[in-house]
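# Structure assessment
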Amino acid sequence: MLALVDSDTERWSSSEPAQASPDDLLARVASGDQAAFADLYDVLSGRVLGLVTRLLRDRAQSEEVTQEVFLEVWQQATRFDRKRGTASSWVLTMAHRRAVDRVRASQASHDRDTKIGIRDLEAGFDQVSESVEIRIEHERVGRALAKLTEFQRQAVQLAYYGGFSHSEMAEHLGVPIGTVKTRLRDGMIRLRDEMGVTS
């Protein structure tokens, strides 16, 4: 059951000293008071962590950003102006700004990774289309080869399908190497013309 307590009695019976306000603590932090900084951290860290966690939704990152905020509080405490607001609002604004910056950096990194992934993604391979194109190309080459002279066709087939060198072709056909070169050159020119290839 709750009992009413006279304010004078409470003041005299309390064994704990009155806790300093965040504004007072921050003023002491500005003068380099480490104990005041520890007290300010105890008073505001829960609220800062809660705000940052709501924005980031990642506990580890939220704890990291909270530490960054309090480091900034320690370094920038002299810039706090009581006329412009309370210490709590100053620290929470700082926390909000840092959390938003982290979200933006994370999003930018994600977007960059997505763009790189899309760029590096291989285009889809259509097996049917590829095999049809190869078959059509083989038929075109076959029709073009049929229009060559027997000697030209023989030279082209030995060189490109058989992998023969000029000297091997000359030995295989029993003709001088110059003749092999002429037949091959003439066969390639005619083959190119028949297939409509421009040089």
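None of these values were measured; they are calculated from a predicted model.

## Structural notes on the layout of surface pockets
- The computed volume of the largest pocket comes to approximately 170 Å³.
- Looking at the largest pocket, the residues that line it are Arg79, Phe80, Asp81, Arg84, Gly85, Thr86, Ser89, Trp90 and Thr93.
- The residue makeup of the lining of the largest pocket, split by class, is 2 nonpolar, 4 polar and 3 charged.

## Digging into the packing of helix 7 (residues 150-161) against helix 9 (residues 177-195)
- The contact between helix 7 and helix 9 brings their axes to 8 Å, and the two run at 95 degrees. Put simply, helix 7 runs roughly perpendicular to helix 9. Every residue of helix 9 that contacts helix 7 at Phe151, Gln152, Gln154, Ala155, Val156, Ala159 and Tyr160 is listed here: Arg183, Leu184, Asp186, Gly187, Met188, Arg190 and Leu191.
- Tallied by class, the residues present in the contact of helix 7 with helix 9 amount to 8 nonpolar, 3 polar and 3 charged.

## Some words on the packing of aromatic side chains
- Per the counting criterion, the structure on display carries 4 aromatic pairs.
- Taking 4.8 Å as the distance between ring centres and 65 degrees as the angle between the ring planes, the aromatic pair formed by Tyr41 and Phe70 counts as edge-to-face. Here Tyr41, found in helix 3 (residues 34-56), pairs with Phe70, found in helix 4 (residues 59-76); they are 29 residues apart in sequence, far enough to count as distant.
- You can call Tyr41 partly exposed: its relative accessible area is 26%.

Rules and cut-offs
Residues numbered from 1 in each chain as written. Predicted model: local features only at pLDDT ≥ 70, side-chain atom pairs only at ≥ 80, totals over all residues. Heavy atoms only, no water. 1 Å grid on protein atoms, 1.4 Å probe; cavity = no way out; pocket = protein on both sides within 12 Å on 5 of 7 lines; lining within 4 Å. Points joined across faces, edges and corners; volume = space filled by probe spheres on them. Nonpolar A, V, L, I, M, F, W, Y, C, P; charged D, E, K, R; others polar. Axes fitted to C-alpha atoms, helices over the stretch in contact; angles between N-to-C directions. Helix = DSSP H or I, 4+ residues; strand = E, 2+ residues; numbered from the N terminus. Parallel < 35°, antiparallel > 145°, perpendicular 65-115°, else oblique. Contact = heavy atoms within 4.5 Å. Phe/Tyr/Trp six-rings, centres within 6.5 Å; stacked < 30°, edge-to-face > 60°. Buried < 20%, exposed > 50% of the residue type's maximum accessible area, 1.4 Å probe, protein only.

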